[in-house]
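# Notes for the structure review
Each chain is listed here by its residues.
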Amino acid sequence: MTAAHGFPEERRGRGPVGHGPSAAGPVGMDPRARDAIEDIVRAVREGDDARIRTLLATLAAVADTAALLYLRERLYAPQ
């Protein structure tokens, strides 16, 4: 159903509510993983290969599947 039916699944043609990138990440994500992911995204956008390698090593020490999926989501999100 749509917002017209009392359910806020869509807002003015912008697609389903709750879908799209989130800077917060999954609930319960290790803050170290979240910080590393945001740093990786910044380094990728800046093209800093050496920093990306270092940050990936840092992320590998604390990441779980949810963190890796969140990294993918953040990398594919429009700037």
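Above this text you will find the structure in question.
First things first, this report covers the structure right here in the doc. As the structure is a prediction and not an experimental result, all values here were calculated from the model.

### Focus on the environment of A67
Locating A67 in the fold gives a position in helix α3 (residues 65–76). Residue class for A67 comes out buried when judged on its relative accessible area of 1%. Beyond its immediate stretch of four places on either side in the chain, A67 contacts M29, A33 and I37.

### Some thoughts on the environment of V41
Note that V41 resides in helix α1 (residues 31–46). Spatially, the C-alpha atoms of V41 and R74 are 6.8 Å apart, while their sequence positions differ by 33 residues. Those residues in contact with V41, other than ones at most four positions away along the chain, are L71, R74 and L75.

### Examining the packing of α1 against α3
Their axes nearest at 10 Å, the elements α1 and α3 cross at an angle of 30°. Considered as vectors, α1 and α3 are oriented roughly parallel to each other. Of the two possible hands of crossing, α1 and α3 adopt the one that is right-handed. Only A67, Y70, L71, R74 and L75 of α3 make contact with α1, whose side of the interface consists of A33, I37, E38, I40, V41, V44 and R45. Here the contact of α1 with α3 is composed, by residue class, of nine nonpolar, no polar and three charged.

### Description of the nonpolar core
Counting 13 residues, the largest nonpolar core has M29, A33, I37, I40, L59, A67 and L71 as the members making the most contacts within it. Elements that contribute at least two residues to this core include exactly α1, α2 (49–62) and α3. Ranked by the residues each element gives to this core, the list is headed by α1, at six residues. Look past the residues within four positions of I40 in its chain and what remains in contact with it is L55, L56, L59 and L71.

Procedures and definitions
Residues numbered from 1 in each chain as written. Predicted model: local features only at pLDDT ≥ 70, side-chain atom pairs only at ≥ 80, totals over all residues. Heavy atoms only, no water. Helix = DSSP H or I, 4+ residues; strand = E, 2+ residues; numbered from the N terminus. Buried < 20%, exposed > 50% of the residue type's maximum accessible area, 1.4 Å probe, protein only. Contact = heavy atoms within 4.5 Å. Axes fitted to C-alpha atoms, helices over the stretch in contact; angles between N-to-C directions. Parallel < 35°, antiparallel > 145°, perpendicular 65-115°, else oblique. Left-handed = near helix turned anticlockwise from the far one by under 90°. Nonpolar A, V, L, I, M, F, W, Y, C, P; charged D, E, K, R; others polar. Core = buried A, V, L, I, M, F, W, Y, C linked by side-chain atoms within 4.5 Å.

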